[in-house]
Structures are given as C-alpha cells and as structure tokens.
Amino acid sequence: MPSATATTDDTSRYRPEPSVLTALRTPRILTREVLAGLVVALALIPEAISFSIIAGVDPKVGLFSSFIMAITIAFVGGRPAMITAATGAIALVIAPVAREYGMDYFIATVLLAGVLQIVLAVFGVAKLMRFIPRSVMVGFVNALAILIFMAQLPHLVGVPWLVYPLVAVGLIVMVLMPRITRVIPAPLVSIIIVTAAVLVFALNVPTVGDQGELPRSLPELFVPNVPLTWETLTIIAPYALAMALVGLMESLMTAKLVDDVTDTHSNKTRESWGQGVANIVSGVFGGMGGCAMIGQTMINVKASGARTRISTFLAGVFLLILIVVLGDVVAVIPMAALVAVMIMVSVGTFDWHSITPSTLKRMPKSETFVMAATVAVVVATHNLAIGVIVGVFVASVLFVRRVAHFVSVDREITEHFGEERAHYTVTGELFFASSNDLTTLFEYSRDPDRVIIDMSQSHIWDASTVAALDAIVTKYEQHGKTVELIGMNQHTSDFHTRLSGGLGAGH
C-alpha cells in the first residue's frame, strides 16, 4: 500500500522535534522556550513601533498586530519556532493605503491580503519554493543580515557617546555568555545587564519609551467602514495582492532558512494558509498585518535555541503583558541593549563562508553573480521579495544560457546499397534557447539527396524546437532532398506529431 506509506512518511517528516508535549514535560527545554519567548517579545517592541511609523499608523496598531499574529501562527503555522509579526516589508507595501485612503481602507487591505494568501496556499504556491536556487537563498540571507544591521544605524548615529560602550558591553556579554551557560538565552542576559547599568548610573540614553507611546488597553474588534463596491476593490486589491505575495515569499523563505538551521522539515502549505489566517485575525482586531520576521526568528531559533511553538506563543503573550501591564518597565530599556541584540543577529545570519576567497574561487562565476545581484537589489530596494524575484530571474537566464550550449549536431556521410546518405545525430535538450541556432548546423546544399536526422540522443521541450525542425525539413525540400527524422522518444514523437506543420515554419 504505497499511499499509506507516503502518508506515514509525510506525517513523520513534518513532526516537530522536540514536540510541544515533550517540551512541557522537560523543565530544561520548557525554560529555554519560555526565556526565548521573552527575549523575542522585548526585541519586537521597538521594531513594531518603527514599522507602525513606516506604515503611517499609530504605534499600537503594529504592537497589537505583532501580539495577535504571534499567538495565531503558534497554532496554525507550519514552521514551529518561527516568529510572525508586523514587518517592515509589509509596512512599506501598504503604507500608501493609510496615507491616501485612511485607516478603514488600510484594515480592509489587510483582511483581503489574508484571504488571498489562503487562496494562494490552496493553489499550491508553496511548491514554487523549489524553483529558488541556492545562490538566491544565500543572497537572500546575506541581504537580510545587511538590512538588519542597516536598520540599527539610526540608533547609532547622532546619539550620546554613552550608547557605544553600552552596545559594546551588550555584544561582549552575548559572545561570552554561551561559553558559560546556554540555559539562559544570552540576549536576555545582555538586555538585563545593559538596562541595569543605565538605571544604576542614571545614564541619559535613548530608551524604548522614546520610540512611541505604549498602549494601555487590550485590542478591540475593528470592522472597517468601507463601501462593498467594485471601486473599493480596485483601490485595495493591488496593495492586498502585493502584501499577500511579499508576505508569503518572506515567510516561506524564512521557513526554509529555519529548516536549514534546525535540520528539520516544515509544512510550507500549512504555513502559507496560516499566514493568511493570522493576517485576517490581525485585521479583525485593527492590526496592520505582517509576515514571518527573520531577525526575530533568528533570535528565537539561533541565539536562544528555541524549537517549538511554545516560544512563538509566549512571545505574543509576553509582548501583550510587557506593553499593557509592564509598559513603564519596558519603556526604560535602553535602545542600545536591543541594538546590540540585532547586531549579533545580523552577524550570525550572514553566511560568511559564501564570501571567503576559497569559496569564491571554487564557485562558478554565474552563481556568485546571482548571489551578488540578489543582495544588491534587496539592499537598494529594502524589499526582500523584489530581490528574490530578480535573483531567480537572473539565475534562470544564466541557466538557460549555459544549457543552450550543451546541444551538438554531428554529421556523417554513409553509403547504403550504393546510395549516399547524410546522417546527423542531434544530442542534448532542445528548447527555445538551444534550438534557435539548430537550423544553421546543417549542410543543405552539400548534403546528398537523402538525409537522416537521428533524434535518439535529444529531447524536444517546446514549440520553438518543433518550428526549427520544420524549417530544416522545408529547407532540404527546397533543395529537392528527402529528410527522415528517426529515434524520437515517445514524448518527443507525440509532441512533434501534434505541432509539426502548424507553426508556420518555412512560410
């Protein structure tokens, strides 16, 4: 029963290690998950506030969105330990809606984006991940590390000089702490030590409270007051579709990255519709929506060692407690402490091996170019999705260009019962790029009256090749010669028979 086996394999493939139950029964793992969630919650606050400002909405919109999405995705997501919250990429995409049409249209856009993500998940958008080459993935990771670092620069430029030693202390703690113990996440210890230093010595440095006012109440249901008309749809649909695509791309790329870091598998289709559900729930409570947060996910998975949904769920819970109940305490945390954490995440995220001289020397130049192109576009646009699309496009063009040169045509003159024949053997994969020059590889005027073209070492992939073969046959017939195509495999023969003569070749 192969189907039953496949189902069993799929189930075990997506089974998280350790499971939530295992974590709950194991104090050591549970402690790690709880503390990881706390560190992520602390790191989420300034990010959510700054993304709200980018989107042109009140800081509480981003904070509530982060809390709601983190809790929702903990239940419906396909990648355990991944953090979903308000993000800069989503904020950039939908900022024009808030600016030009107001909050009601803004929330309607978030809700529609969630619905579109569920629809895309049903149609198998997650399967498109297999078309993203490794060089694009490496470029994505490196560009992400650069963006995380660049996002910290506003907190490092034009600030009191005391910020720099505080950031340095934070970094030193995070480097040394794992060598002493891994029970308590190093970023949490770093935040506590730097905050304590600021409070004890009464240092005047920028704090979380300076980023924006923290809300004092729980989120409330928000029903957007927009007319249900075609005009409304034409306004919000382009932004909603862009938000849905950017969100899914970032989330699926992040899930793949976490898969690599943890050496486990995740259910990308479930993650896709889970993102849609999280965005809808976020919109219902007046949140700005979002997607997977790579920086916070790396804090959770890499820096803090979290592996289960517990850390994601608690990140949302702690975030709510911190902003609503302990807002005054959180407000005094110096930005230097959080900047140090994000710099460490940036350094840890960057694939340093990819730029070592030995790697660059071994790697094909086309692969390095694709990686560099991805990084350049992401850094220039501050949009990971655009960078990935450009990277995949460049990789595809270079691949097609490379494969196009693997086609060869060998000519041999033979004699059969006293009759001279030209015997051609076509070798390689034939498609639009490789078949364009096919017509130039035959000796139409010099060949004898009978020509045999052996296709047994080749495969036809598209109509361009059929048109090229039709053109070759037509040219020989114009010279009064007979052509026979032999050796086609079943797929090639069926494809050629169906299209041959109907593509206008030779006319």
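See the structure above.
Predicted, not measured: the structure shown is a model, and the values here were computed from it. For every chain, the first residue of the written sequence is number 1, and numbering continues from 1 along that sequence. For a predicted model such as this one, the threshold for reporting local features is a pLDDT of at least 70, and the threshold for listing and counting side-chain atom pairs is 80 or more; totals across whole chains, interfaces and linings nevertheless cover every residue. Only hydrogens and water are set aside; all other atoms, that is, all heavy atoms of the structure, feed into the side-chain values.

Caption draft 1: Local environment of the overall build of the chain. Helical segments are the DSSP runs of H or I of at least four residues, strand segments are the runs of E of at least two, and each set is numbered from the N terminus. Looking only at helices and strands, the chain features 21 helices and 6 strands. With respect to the three principal axes, the spread of C-alpha positions in the chain is 105 × 60 × 55 Å. Residue burial in the chain is summarised as follows: out of 507 residues, 51% are buried. Considering only residue pairs separated by 6 or more positions, the chain has 84% of its internal contacts joining residues 24 or more positions apart. Taken as a whole, the chain presents about 23,600 Å² of accessible surface, with 64% of it coming from carbon and sulfur. Exposure is judged per residue with a 1.4 Å probe applied to protein chains only, and the accessible area is read against the type maximum: over 50% gives exposed, under 20% gives buried, and values in between give partly exposed. Whether two residues are in contact is decided by their heavy atoms: any pair within 4.5 Å suffices. Here, Shrake-Rupley sampling with a 1.4 Å probe gives the accessible areas, and only protein chains in the shown set may cover a residue.

Caption draft 2: Inspection of the sheet that holds strand β3 (residues 408-416) at higher detail. The pairing criterion is simple: DSSP has to find at least two bridges between the two strands. Across the sheet, which stays open at both edges, the 4 strands sit in the order β3-β4-β5-β6 with mixed pairing between neighbours. At either end of the open sheet lies a strand with only one pairing partner, and these are β3 and β6 (482-486). Each strand of the sheet is rotated relative to its neighbour by a mean of 20°, with strand direction disregarded. Pairing geometry for β3 and strand β4 (residues 419-430), over 9 bridges, is antiparallel. Across the sheet, D410 pairs through a bridge with T425, a residue of β4. Those strands touched by helix α20 (residues 463-478) are β4, β5 (450-460) and β6, and its axis lies near 175° from that of β5. The sheet strands contacting helix α21 (residues 490-499) are β5 and β6, and the helix crosses β5 at an angle near 115°. Fitted lines through C-alpha atoms give the axes, limited to the stretch in contact for helices. The angle between two N-to-C directions lies from 0 to 180 degrees.

Caption draft 3: The arrangement of a nonpolar patch on the surface in detail. On the surface, V115, V119, V122 and F123 cluster together into a nonpolar patch covering about 420 Å² of accessible area. Summarising the element assignment, F123 is placed in the loop between α6 (103-122) and α7 (134-152). Only residues whose relative accessible area exceeds 30% and that take part in no salt bridge are eligible for patches, with like-charged residues grouped when within 9 Å of each other and nonpolar side chains (Val, Leu, Ile, Met, Phe, Trp, Tyr) grouped when within 5 Å. By convention in these notes, a salt bridge is any Lys or Arg side-chain nitrogen within 4 Å of a carboxyl oxygen on Asp or Glu.

Caption draft 4: Here's a closer look at the pattern of salt bridges. One pass over the structure, following the stated rule, counts 7 salt bridges. The partner of E33 in a salt bridge is R32, and the shortest N-O contact between them spans 3.9 Å. R32 matches E33 in its accessibility class, with the two residues each being buried. When the shortest N-O distance is used, the salt bridge between K268 and D259 registers 2.6 Å. Taken together, the shared-partner salt bridges in this structure form one network comprising R79, D259 and K268.

Caption draft 5: Spatial organisation of the nonpolar core. Membership of the largest hydrophobic core comes to 110 residues, with the highest contact counts inside it found for I45, F106, V167, M288, I299, I323 and I333. Residue contacts for I45: discarding those within four places in its chain leaves L63, V208, L214, L319, L322, I323 and V330. L430, F442, V466 and Y476 belong to the second largest nonpolar core, which has 18 residues in total. In this text, buried Ala, Val, Leu, Ile, Met, Phe, Trp, Tyr and Cys residues form a nonpolar core when linked through side-chain atoms within 4.5 Å.

Caption draft 6: Local environment of the packing of α7 against helix α18 (residues 384-404). In contact at an axis separation of 10 Å, α7 and α18 are set at 150° when each is read in the N-to-C sense. With respect to α18, the axis of α7 lies roughly antiparallel. The hand of the α7/α18 crossing is right-handed. Residues V136, F140, L144 and L147 of α7 form the contact with α18, whose own contacting residues are L384, V388, G391, V392 and A395. Under the grouping applied here, Gly and all other residues not named as nonpolar or charged are polar, the nonpolar ones being Ala, Val, Leu, Ile, Met, Phe, Trp, Tyr, Cys and Pro and the charged ones Asp, Glu, Lys and Arg. For the contact of α7 with α18, the class distribution of residues is 8 nonpolar, 1 polar and no charged. Each angle gets one of four labels, with under 35 degrees taken as roughly parallel, over 145 as roughly antiparallel, 65 to 115 as roughly perpendicular, and the rest as oblique. Crossing handedness is read from the near helix: turned anticlockwise from the far helix by less than a right angle, it gives a left-handed crossing, and turned clockwise, a right-handed one.

Caption draft 7: Seen up close, the packing of helix α8 (residues 163-180) against helix α9 (residues 186-200). Taken N-terminus to C-terminus, the directions of α8 and α9 make an angle of 145°; their axes are 9 Å apart at the nearest point. In terms of crossing hand, the pair formed by α8 and α9 is right-handed. Residue-level contacts link L166, V169, G170, V173, M174, M177 and P178 of α8 to A186, P187, V189, S190, I193, V194, A197 and V198 of α9. Residue composition of the contact of α8 with α9, by class: 13 nonpolar, 2 polar and no charged.

Caption draft 8: The arrangement of α21 in detail. For α21, the full list of buried residues reads T492, F495 and H496. Taken down its axis, α21 places every buried residue within 95° of arc, on the same side. Those residues of α21 that are exposed and angled more than 90 degrees off the buried face are Q490, T497 and R498. Where α21 is buried, its residues touch β5, α20 and β6. Each polar contact in these results corresponds to two N or O atoms within 3.5 Å; when the atoms are within protein, one needs to be able to donate a hydrogen and the other to accept it, and residues that are neighboring in sequence are counted only if both atoms are side-chain atoms. Near the N-terminus of α21, the side chain that reaches the backbone nitrogen of H491, with its oxygen 3.3 Å away, is that of N489. The directions from the helix axis to the C-beta atoms are what the arc is built from.

Caption draft 9: Up close: the packing of aromatic side chains. Centres within 6.5 Å make a pair out of two Phe, Tyr or Trp rings, where for Trp the six-membered ring is used; the pair is then stacked when the planes are under 30 degrees apart, edge-to-face when over 60, and tilted otherwise. In this structure the tally under the stated criterion is 8 aromatic pairs. Look at Y101 and Y105: their rings are 5.8 Å apart centre to centre, the planes differ by 45°, and that puts the pair in the tilted class. Exposure remark for Y105: the relative accessible area of 17% places this residue in the buried category. Between F442 and Y476, the ring centres sit 6.4 Å apart and the planes meet at 90°, which makes this aromatic pair edge-to-face.

Caption draft 10: Structural view of unusual backbone geometry. Even without glycine at this site, A81 takes up a positive phi of about 75°. Take A81: it is sitting in the loop between α4 (59-76) and β1 (84-85).

Caption draft 11: Seen up close, the environment of V426. With respect to the secondary-structure elements, V426 resides in strand β4. Note on V426: relative accessible area 1%, which makes it buried. Sequence separation between V426 and T474 is 48 residues; the distance between their C-alpha atoms is 18 Å. When residues no more than four places from it in sequence are discounted, the contact partners of V426 are S408, V409, L438, F442, I453, D454, M455, Q457 and S458.

Caption draft 12: Examining the pairing of β4 more closely. Counting the residues in the hairpin turn of β3 and β4 gives 2 residues, including F417, whose phi is positive at 50°. Relative to β5, β4 runs parallel, the two sharing 9 bridges. Residue H423 lies in a different strand from β5, and its bridge partner there is I452.

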